[in-house]
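Given next are the chains, with one letter for each unit.
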Amino acid sequence: MTTLTFIQPDGSEKSVAATEGRSLMEIAQGAGVAGIVAECGGSAACATCHVVLPQDVFDRLGPPEEHEEDMLDFADAPREPCSRLSCQVNVTSDMDGMTVRVPAA
Ligand code: FES
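What counts as what
Residues numbered from 1 in each chain as written. Predicted model: local features only at pLDDT ≥ 70, side-chain atom pairs only at ≥ 80, totals over all residues. Heavy atoms only, no water. Helix = DSSP H or I, 4+ residues; strand = E, 2+ residues; numbered from the N terminus. Rg over C-alpha atoms; globule rule 2.2 N^0.38 Å. Contact = heavy atoms within 4.5 Å. Areas by Shrake-Rupley, 256 points an atom, 1.4 Å probe, with all protein chains shown as cover. Lys, Arg positive; Asp, Glu negative; His and termini not counted. Charge placed at Lys NZ, Arg CZ, Asp CG, Glu CD. 1 Å grid on protein atoms, 1.4 Å probe; cavity = no way out; pocket = protein on both sides within 12 Å on 5 of 7 lines; lining within 4 Å. Points joined across faces, edges and corners; volume = space filled by probe spheres on them. Nonpolar A, V, L, I, M, F, W, Y, C, P; charged D, E, K, R; others polar. Salt bridge = Lys/Arg side-chain N within 4 Å of Asp/Glu carboxyl O. Buried < 20%, exposed > 50% of the residue type's maximum accessible area, 1.4 Å probe, protein only.

Take the overall build of the chain next. The helix and strand inventory of the chain stands at 3 helices and 5 strands. Each helix and strand of the chain, placed in order from N terminus to C terminus, yields the pattern β-β-α-β-α-α-β-β. Relative to the 2.2 N^0.38 estimate, which gives 13 Å for 105 residues, the radius of gyration of the chain is 12 Å and therefore close to what a compact globule would have. Taking the principal axes of its C-alpha atoms as reference, the chain extends roughly 35 × 30 × 25 Å. Residue pairs in contact within the chain that sit at least 24 positions apart in sequence constitute 61% of those at least 6 positions apart. Working note: accessible area of the chain is about 5,400 Å², and carbon and sulfur atoms make up 48% of it. Measuring between centres, the 6 positive side-chain charges of the chain sit 4 Å from its 17 negative side-chain charges.

And the structure:
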């Protein structure tokens, strides 16, 4: 089992069990994580699923595709160096213990 911890802007945390192969957005929504709205349902068209990953995970994943890069500029919260759309990141076993920061909207 892969456990992820989502951290809110106020510092509160929520740890959730994540199924490999599902997106971070799906995991967050299924667990009721605040701040992950996901208006477009995961098609990288709304940027309401914006999260900030740890640097090492961000590096390991490689850069976002061009469309995701463009959408991140439309996120409510300012984009950060390790920002990603959570609907475009699938859970893998090596993410066990990862913290995912939900930016202030
Ligand atoms: S759910 Fe809309 S961009 Fe991720």
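By volume, the largest pocket amounts to about 190 Å³. In terms of lining, the largest pocket is formed by 16 residues, of which the most central are Gly35, Thr48, Asp76, Pro103 and Ala105. In the lining of the largest pocket, the residues fall into 10 nonpolar, 4 polar and 2 charged.

Residue placement: Cys87 occurs in the loop between strand S4 (83-85) and strand S5 (99-101). Here the alpha-carbon distance between Cys87 and Cys40, two residues 47 residues apart in the chain, equals 9.7 Å. The contacts of Cys87, once residues within four sequence positions are left out, are Ser23, Met25, Gly42, Ala44 and Cys49.

Evaluation of the coordinates by the stated rule reveals 5 salt bridges. In this structure, Asp94 engages Arg60 in a salt bridge whose closest nitrogen and oxygen atoms are separated by 3.2 Å. Pair noted here: Asp94 is in the loop between S4 and S5 and Arg60 is in helix H2 (residues 55-61), with a separation of 34 residues, a long-range link. For Asp94, a relative accessible area of 46% corresponds to the partly exposed category. We classify Arg60 as partly exposed; its relative accessible area is 43%. Of the charged contacts, one joins Arg79 and Asp73 as a salt bridge, the two residues approaching to 3.1 Å between their closest N and O atoms. Salt bridges linked by common partners bring Glu69, Asp73 and Arg79 together as one network.

Not every positive phi belongs to a glycine, and Ala38 is a case in point at roughly 60°. Its place among the elements puts Ala38 in the loop between helix H1 (24-30) and strand S3 (50-52). Judged by relative accessible area, which is 10%, Ala38 ranks as buried. Even without being a glycine, Ala47 presents a positive backbone phi close to 65°. Positionally, Ala47 belongs in the loop between H1 and S3.

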